[in-house]
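Fold and contact review
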Amino acid sequence: MPPGTTPSQTIGPFFHDALLAEDRSELVSPDHSSAIRIEGTVYDGAGEPVPDAMLEIWQSNPAGRYDHPADNREDLPLDEDFSGFGRCGTDTSGKFSFVTIKPGSVPGPDGQTQAPHIMVSIFARGLLKRLVTRIYFPDEEEANAADLVLQSIEDPEFRKTLIARDEGECLRFDVHLQGEQQTAFFEFAE
Amino acid sequence: MRQHPSVGDAGRREDMGQPPYLYPDYKSTELRAPAKPLIILPKTLSDTTGPAYGRGLIGKLDNDLTRQYAGEPLGERIIVTGRVLDGDGRPVRNSLIEIWQANAAGRYTHHNDQHPAPLDPNFGGAGRCLTDDEGRYRFVTVKPGAYPWKNHDNAWRPAHIHLSLFGPSFRSRLITQMYFPGDPLFGQDPIFQSVRDPEARQRMISIFDLEITELEWALGYRFDVVLQGRNATPMENH
């Protein structure tokens, strides 16, 4: 019989020295010709900013290849300077920010293609297990309209919580943990 | 402690081996737990892949929290070791574990920790290492103290070490806490009790193991971690 899974517990309020001693919020240099900045604020159910959360992101490169052995599509290039992983804590005003490059389209279920997106994990005091969400891109209307995961969310307002807002200087992706404007969060299918 | 009827995550079938998001005994969940139903995410490369963070990053003393400063920290020196396995019981190799903890007096080196217990100038409380080819890891540290918090009247956290693990994919990411056997504070701790299956709670408690102790040096605790999901791809080549 396979062993039982170890339960999740909250990250608590005191993780900063252990997890954020190195700044991993810039996946590429801000001077990179294709650099984009994604900014946001994490809010709780009372609309107050959450100053002690940590976000992690995971994404493919612009060619749509993940830097991981399970993605063995050798015809697509890997970029040795781009791991696809980032980590950022929220500041005293609940803000976070990543500098990265836009991921490509990646394979989806049943031979379909998924719209470009970034996987996100959110940890915080008061979250006994992480929250999982995705950042989609506002300039991908057609791909977003065909994306099975996005389209599995029936309520269009709820679906929109996953699409970053273009603010010129940056893309904005606010996270609402609870309430009317709550962000859509995922659980994994087996 | 009050007993609550099972508080589901928006009405789905519940895994009693994992905590729910909303657990009212743990006050901070009340404004942070999502209330709308979770969306089922089909398995794709986006989550069967994951970061290989930490490789090439680890310093020689990163897994020995007793040797990171000029002098030795106060407290009971301990060795914490075990294996990291996937859902099939196979070792998770070459994967990052990060830990953090209070010092022996129950105080974190963190500006927000106001507990009036002494800081230890020789203890930072943070460590990390990679698992080896059998999925093994090993830390040397001191036993953390219990500490009070404001969740409820006379609330105390049982002694614990925080662990953060990546495993083979985005799916397997886990942050948990390791407890010590026989702690009298388990019964009143809502974070520990948020895992409602008593067998699953046992999986968060380390095992004292005389085999791991080092003669006239340190006590030994074993703590194995089992991550969700399976290794889709052998990791040998990476």
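Residue positions within a chain follow its written sequence, with the count starting from 1. The naming scheme follows written order: chains are lettered A onward, ligands numbered 1 onward. Only residues with pLDDT of 70 or above have their local features reported here, since the model is predicted, and side-chain atom pairs are shown and tallied only from 80 upward, although totals for entire chains, interfaces and linings are computed over all residues. Water and hydrogen atoms were dropped before computing side-chain values, which therefore reflect all heavy atoms in the structure.

Let us now look at the packing of aromatic side chains. Here a Phe, Tyr or Trp ring, Trp counted by its six-membered ring, pairs with any other such ring whose centre lies within 6.5 Å, and the pair is stacked when the planes are under 30 degrees apart, edge-to-face when over 60, and tilted otherwise. Inspection of every chain in the model, using the stated rule, returns 15 aromatic pairs over all chains. Centre to centre, the rings of F188(A) and F170(B) are 6.3 Å apart; their planes meet at 85 degrees, and the pair counts as edge-to-face. With F188(A) in strand β12 (residues 186–188) and F170(B) in the loop between β8 (160–165) and β9 (174–179), the pair connects residues from two separate chains. Residue classification places F170(B) among the buried residues on the basis of a relative accessible area of 4%. Centroid distance Y137(B) to F139(B): 5.9 Å. Interplanar angle 55 degrees. Geometry classified as tilted. An aromatic cluster is present here, built from F14(A), Y108(B) and Y147(B) joined pairwise through their rings. A run of H or I in DSSP counts as a helix once it spans at least four residues, and a run of E counts as a strand once it spans at least two, with each numbered from the N terminus. Burial classes: relative accessible area under 20% of the type maximum marks a residue as buried, over 50% as exposed, and values in between as partly exposed (1.4 Å probe, protein chains only).

Okay, unusual backbone geometry next. Trans peptide bonds make up most of the peptide bonds, and negative phi angles are found at most residues other than glycine. Residues and elements named next belong to chain B. Its identity is not glycine, yet N94 carries a phi of approximately 55 degrees, on the positive side. The topology assignment puts N94 in the loop between β2 (77–85) and β3 (96–101). Overall, the relative accessible area of 26% leaves N94 in the partly exposed class. With a phi angle near 55 degrees, E216 is a residue other than glycine that sits in the positive phi range.

Residues and elements named next belong to chain B. Locating L210 in the fold gives a position in the loop between β10 (207–208) and β11 (219–222). Overall, L210 belongs to the exposed group, its relative accessible area being 64%. Here the alpha-carbon distance between L210 and I58, two residues 152 residues apart in the chain, equals 28 Å.

Next up on the list: the pairing of strand β5 (residues 136–142) of chain B. Residues and elements named next belong to chain B. Burial within β5 is extensive, with five of its seven residues counted as buried. Strand pairing is defined by DSSP finding a minimum of two bridges between the two strands. Across seven bridges, the pairing between β2 and β5 is antiparallel. When the bridges of β5 are listed, R77 appears paired with V142.

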